[in-house]
Each structure stands twice: as structure tokens, then as C-alpha cells.
Amino acid sequence: ALAGLFRGYRGFSERGWRLTLTAIEQIRAGEHPGASPRAKAAAKFARENVGLYIESVYDGHFELAQIEKKLRKAYANLGGPAVFGSSLTAAEVEDLAGAYSEATARLHPHVGVRFGS
């Protein structure tokens, strides 16, 4: 489950940034003096949809922030320090959870941000 969350983050974020960059390039090309009607249409489409691409970056970071809760719960459910001993200490779990927490993974601005949904 943890690897799935990380893959979700990676997929959403990479795709979102790639599509956002492509949209920016299309918008620039469509606004260039002498741009073809096709380039202008592509720029219009990109401008209308870039919010969805940006939202996918936010979705990726939401996935990343879920690791904190799932990691702590899985560690406890699997027996915690009594089972893992020195191979995965409670302190290491807390360090990992902190690195993948909502506080560290959440993008800003966040409150009230509504792009496509």
C-alpha cells in the first residue's frame, strides 16, 4: 500500500508537471505573432485545461501525504518494535512519517484551491 501511494504521487506529479510545461509551451506558441490557426486553437485548449494539469500535481502530493498515516498504522498492526526490533525502530518510523507527512508534502496555496473538481 505504501509503495502504491508513492507510485501514485510519482505518476500524478510527473504527468502533471509534463502536461503543465507542454501547456505553457503551447500557450506561448499560440500567442506568438503570426501563429497559425492550429497553434492558436492549441493555445486556447491548453489555457482552458492547464488547471487540470496543475491539480494532478496537487493530487500527487496528497497521495504522498497519506504515507504518514498508513506507515504508522501498518507498523503498529504488524507488531511495531517488538516484531521489527532494530531492523526498523519506532524512531525510524517517526522520521519516515515526518518526511511523508501532510505538513511536509502538502502544496501551498491549498485552502480554497479548486481547479477542475
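Residues numbered from 1 in each chain as written. Predicted model: local features only at pLDDT ≥ 70, side-chain atom pairs only at ≥ 80, totals over all residues. Heavy atoms only, no water.

Let's talk about helix 1 (residues 2–31)
Thought 1: With 30 residues, helix 1 extends 43 Å between its outermost C-alpha atoms, agreeing within 8% with the 44 Å of an ideal straight helix rising 1.5 Å per residue.
Thought 2: Listed as buried for helix 1 are Leu-5, Gly-8, Ser-13, Gly-16, Thr-20, Ala-23, Ile-27 and Gly-30.
Thought 3: In this structure, the buried side of helix 1 is in contact with helix 2 (37–77). (Helix = DSSP H or I, 4+ residues; strand = E, 2+ residues; numbered from the N terminus. Expected span 1.5 Å × (residues − 1). Buried < 20%, exposed > 50% of the residue type's maximum accessible area, 1.4 Å probe, protein only. Contact = heavy atoms within 4.5 Å.)

A look at the confidence of the model for the chain
Thought 1: On average, the chain scores 90 in pLDDT, and the residues at 70 or more come to 93%.
Thought 2: Averaged pLDDT values for the elements of the chain fall to 88 in helix 5 (residues 102–105) and rise to 96 in helix 3 (residues 80–84). (pLDDT = per-residue confidence, 0-100.)

Quick notes on the pattern of salt bridges
Thought 1: Considering all chains together, one arrives at 6 salt bridges under this definition.
Thought 2: A salt bridge links Arg-10 to Glu-14; its shortest N-O distance comes to 3.0 Å. Of the two residues, Arg-10 and Glu-14 both sit in helix 1, 4 residues apart, roughly one turn of that helix.
Thought 3: Overall, the relative accessible area of 43% leaves Glu-14 in the partly exposed class.
Thought 4: One connected set of salt bridges, linked through shared partners, spans Glu-68, Arg-72 and Glu-94. (Salt bridge = Lys/Arg side-chain N within 4 Å of Asp/Glu carboxyl O.)

Observations concerning the packing of aromatic side chains
Thought 1: Scanning the entire structure with this criterion turns up 3 aromatic pairs.
Thought 2: Relative to Tyr-9, the ring of Phe-6 has its centre 5.6 Å away and its plane inclined at 55 degrees; by these criteria the two rings are tilted. Placement of the pair is Phe-6 and Tyr-9 together in helix 1, with a separation of 3 residues, close to one helical turn.
Thought 3: Ring geometry for Tyr-75 against Phe-84: centres 5.2 Å apart, planes inclined by 20 degrees, an arrangement best described as stacked.
Thought 4: Looking at Phe-84, the relative accessible area reads 26%, which means it is partly exposed.
Thought 5: An aromatic cluster of at least three residues, connected via ring pairs, comprises Phe-6, Tyr-9 and Tyr-100. (Phe/Tyr/Trp six-rings, centres within 6.5 Å; stacked < 30°, edge-to-face > 60°.)

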